[in-house]
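# Analysis of the macromolecular model
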Amino acid sequence: MIELTAVTAGYGGEDKLHDIHLRLRDGEIHTIVGPNGCGKSTLLKVLCGLLSPSAGRVLVEGRPVGSYTPRELARRVAYLPQGRDIPSITVGRLVLHGRFPYLSYPRHYREEDRAAAREAMTRTGVLGYAETPMASLSGGERQKVYIAMALAQGTPVILLDEPTTYLDIGHQLELMRLVQGLTAEGKTVVLVLHDLDLALRFSDRVTVMQQGRIVAGGRPAEVAAGGQLEAVFGVHIGHTDDDGIRHYYFE
């Protein structure tokens, strides 16, 4: 479990997050939504220890995040940022990078590392690309490979910043079902999403941000009905129910 209490954080002396209180429960999909520039990606960096708060407290499994070594924290929290360079290596080699927290230098991959990478590639549908250079893949294919790398890290918490970028609607749904499967195994997955329908349909909890603050949070139906999403995004939210599945639309 990760818990933030009264967290303020930013860059170069300018705060981007203000008085953040957030508790991430084990085995849940927790999605963060909000307008561009509201602090969603900054919040993920605080959660994974890449950005230290200027005020407040961040606990990971009951310990202050700063008390972990980078390797210890990387065995507990995997983080996939939104923007990434395209390395000049094969898919299989990149996915194996997820195993770095478990290796000493010089890195010699063990069979358990290769098995974890194979499983991650199988779950994300990229095992057939294992020997393919990353530069040869489409944007959507590369995105699935990066997600496989995060899965190979084998952490109880996974943070994904805009993981549906470059994915068509079919692969977006496939990814969200994969995330549901991970939480069914007890993992905690924190997403930043712009697609409100995906966020409301698949999340266990949704947090709404605006100008660096949390303005609403809770179960998706509660958040959708509370009015804050409509106020933040300037849209009207409606829904339809089809065979027990709620679909949201916006106008």
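Scroll up to find the structure this text is about.
Each residue is numbered by its place in its chain's sequence as written, counting from 1. Where local features are concerned, this predicted model is filtered to residues with pLDDT of at least 70; where side-chain atom pairs are given and counted, the filter is 80 or more; whole-chain, interface and lining totals use all residues. No hydrogens and no water enter the side-chain calculation; it runs on all heavy atoms of the structure.

Here the focus is the overall build of the protein. If you tally the helices and strands in the protein, you get 9 helices and 12 strands. For the C-alpha atoms alone, the extent of the protein along its principal axes is close to 50 × 45 × 30 Å. Sorting the 251 residues of the protein into buried and exposed places 47% on the buried side. Two residues form a contact once any of their heavy atoms are found within 4.5 Å. Intrachain contacts of the protein at a sequence separation of at least 6 include 64% that bridge at least 24 residues. For the area figures, the Shrake-Rupley method with a 1.4 Å probe applies, and any residue is considered shielded solely by the protein chains shown. When the accessible surface of the protein is summed, it comes to about 11,900 Å², and 48% of that surface belongs to carbon and sulfur atoms. Strands are runs of DSSP state E lasting at least 2 residues, helices are runs of H or I lasting at least 4, and numbering of each runs from the N terminus. Any residue under 20% of the maximum accessible area for its type is buried, any over 50% is exposed, and the rest in between are partly exposed; the area is computed with a 1.4 Å probe on protein chains only.

This brings us to the nonpolar core. Residues belong to one nonpolar core when they are buried, are Ala, Val, Leu, Ile, Met, Phe, Trp, Tyr or Cys, and are joined through side-chain atoms within 4.5 Å. Counting residues in each nonpolar core, the largest one holds 50 residues, and the members touching the most others are Val 91, Val 95, Val 145, Val 208 and Leu 229. Examining the composition of this core, we find that 8 residues originate from one element, helix 5 (residues 139-152), more than from any other. Every residue in contact with Leu 229, bar those within four places of it in the chain, is listed here: Val 33, Leu 196, Leu 200, Val 208, Val 223, Ala 224, Gly 234 and Ile 237. Counting 28 residues, the second largest nonpolar core, distinct from the first, contains Leu 4, Val 58, Val 157 and Val 192.

This paragraph deals with the environment of Leu 24. Checked against the element boundaries, Leu 24 lands in strand 2 (residues 14-24). For Leu 24, the residues in contact, after removing those within four places along its chain, are Met 1, Ile 2, His 30, Leu 47, Thr 188 and Val 190.

A word on the pattern of salt bridges. What makes a salt bridge here is a side-chain nitrogen of Lys or Arg within 4 Å of a carboxyl oxygen of Asp or Glu, nothing more. Across all of its chains, the model carries 12 salt bridges by this definition. Arg 205 is the partner of Glu 28 in a salt bridge, and the nearest nitrogen-oxygen pair spans 3.0 Å. Taken as a pair, Glu 28 in the loop between strand 2 and strand 3 (29-33) and Arg 205 in strand 9 (residues 205-210) lie far apart in primary sequence, 177 residues in all. Residue classification places Glu 28 among the buried residues on the basis of a relative accessible area of 10%. Ionic pairing is found between Arg 76 and Glu 61, a salt bridge with its closest N-O pair at 3.2 Å.

What follows concerns helix 6 (residues 169-184). With 16 residues, helix 6 should reach 22 Å at 1.5 Å per residue; the first-to-last C-alpha distance of 23 Å fits that figure. Residues of helix 6 that are buried include every one of Gln 172, Leu 173, Leu 175, Met 176, Leu 178, Val 179, Leu 182 and Thr 183, and no others. Elements in contact with the buried residues of helix 6: strand 3, helix 4 (111-124), helix 5, strand 7 (157-161), strand 8 (188-192) and helix 7 (196-202). N-cap assignment for helix 6: the residue whose side-chain oxygen lies 3.1 Å from the backbone N of Gly 170 is Asp 168. Downstream of helix 6 by one or two residues, Gly 186 has phi in the positive range, about 100°. Given a helix with a known number of residues, its expected span is that number minus one, times 1.5 Å. Think of a polar contact as two N or O atoms within 3.5 Å of one another; within protein, one of them needs to be a possible hydrogen donor and the other a possible acceptor, and neighboring residues in sequence only count if both atoms come from side chains.

Moving on: empty space enclosed by the protein. Throughout, the protein atoms alone are placed on a 1 Å grid, and a set of points is a cavity if a 1.4 Å probe fits but cannot get out or a pocket if it is open with protein on both sides within 12 Å along at least five of seven lines; lining residues have an atom within 4 Å of a point. Grid points are joined across faces, edges and corners, and a volume is the space filled by probe spheres set on the points. Counting across every chain of the model gives 1 cavity of 30 Å³ or more. The space that makes up the largest cavity amounts to roughly 30 Å³. Around the largest cavity, the lining residues are Ile 147, Ala 150, Leu 151, Ile 158, Leu 160, Val 179 and Leu 182. At the level of secondary structure, the elements contributing two or more residues to the lining of the largest cavity comprise helix 5, strand 7 and helix 6. Grouping the constituent residues of the lining of the largest cavity by class yields 7 nonpolar, no polar and no charged. Classes in brief: Ala, Val, Leu, Ile, Met, Phe, Trp, Tyr, Cys and Pro nonpolar; Asp, Glu, Lys and Arg charged; the others, Gly included, polar.

Bear in mind that shape data such as this cannot, by itself, settle questions of function.
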